[in-house]
Structures are given as C-alpha cells and as structure tokens.
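Reading the structure
Chain by chain, the residues run as shown.
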Amino acid sequence: MSLIRHTNRSTPWNDLDVLANRMSRIFGDSAFGNLTYGANWVPAVSVEEKNDEILLTAELPGMTEDAVEINLENNVLTISGEKTESRDEGENGKFHLVERSFGFFRRSFTLPRTVRADGITAEFDNGLLMVRLPKADEALSRKIEVSRRG
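Below, the structure is looked at part by part. (Residues numbered from 1 in each chain as written. Predicted model: local features only at pLDDT ≥ 70, side-chain atom pairs only at ≥ 80, totals over all residues. Heavy atoms only, no water.)

In this structure the tally under the stated criterion is 4 salt bridges. We note a salt bridge from Lys135 to Glu49, for which the minimum N-O separation is 2.8 Å. Here Lys135, found in the segment after strand S8 (128-134), pairs with Glu49, found in strand S2 (residues 45-49); they are 86 residues apart in sequence, far enough to count as distant. With a relative accessible area of 8%, Lys135 lands in the buried category. Looking at Glu49, the relative accessible area reads 40%, which means it is partly exposed. Residue Arg132 pairs with Glu53 through a salt bridge whose shortest N-O separation is 2.7 Å. With Arg132 in strand S8 and Glu53 in strand S3 (residues 53-59), this residue pair connects regions lying 79 residues apart in the sequence. Using a relative accessible area of 25% as the deciding quantity, one classes Arg132 as partly exposed. Counted as one network, the salt bridges with shared partners bring together Glu53, Glu123 and Arg132. (Salt bridge = Lys/Arg side-chain N within 4 Å of Asp/Glu carboxyl O. Helix = DSSP H or I, 4+ residues; strand = E, 2+ residues; numbered from the N terminus. Buried < 20%, exposed > 50% of the residue type's maximum accessible area, 1.4 Å probe, protein only.)

Of note, Thr57 is situated in strand S3. On the basis of relative accessible area, Thr57 is assigned to the buried category, the value being 15%. The residues touching Thr57, leaving out its near neighbours within four places in the chain, are Ala44, Val45, Ser46, Leu128, Leu129 and Met130. (Contact = heavy atoms within 4.5 Å.)

Shown next as structure tokens:
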C-alpha cells in the first residue's frame, strides 16, 4: 500500500517554477535571471508505512501551524500554505544573496482505500508537520492459524 502523488488541476507552469527553483539552487539566481523570486516552492515530504498507520511528514521550516491548511476531498489529501519572507533591510544594509525559498505551496496525495479518513490527525512541531493516516481494520496484518483437518 502506498500513497500516490496527486497531480493538481493546475497549469504546467508550476512544474517549470519547481525546475527553475532547483536549477537556481545549483547554478545561482544570476544564471536564470532570478526566476524563483516569489515563485512557488515545494516542501520536502516523506511517507512511511507502519503496521497500523501511514505517517506523512512534511518539512515546513520557518512556518507556523496557522500558515498550513490540510484538506481531504474525494480521497485526496491536500496540504497547502504560504511561507512569507520578511526583508527588513533598513537604512544601513541590503541583501547580497537570498537562497531561502518562500511563497505558496500545495501538495496533494491520493489516499489508499484502506485509510480511515475519520481518524486522520496532524501535529506541527518546530517546522515539521506530521499527518497520521490510520489504517482500516481490514488492512491490518494478522496471523491466521492453520488447523489440522480430521
């Protein structure tokens, strides 16, 4: 059982924003004319299957739980939010390099049918979002005893 990455009903430009963001991290903003300034960013996510649940963990550094929204519709779990950047240069300073990502994000995952939607919970701690997706009873593994016939 695994979660399937859900493709949003959005434009193909989102994928180009992600590509430009990754390329700028490798080569620097000057190579691409600072295409990522204010562009969408994609937080890193891990999905781990345990005996009784699936644990989805998303890295959201610099964000608070108030800036994150989680929705479930038609068996698609969507995590979205916005990471804002504060640039307070003041009179005596200016930025020479900004590598931190910011902006709006949306990640969607199609849930397997064996997840109990009514039991989904989420916790946020120090920029780490943990979404617990409990498995339905019929999806849990169990040992079946073999008896002797006769």
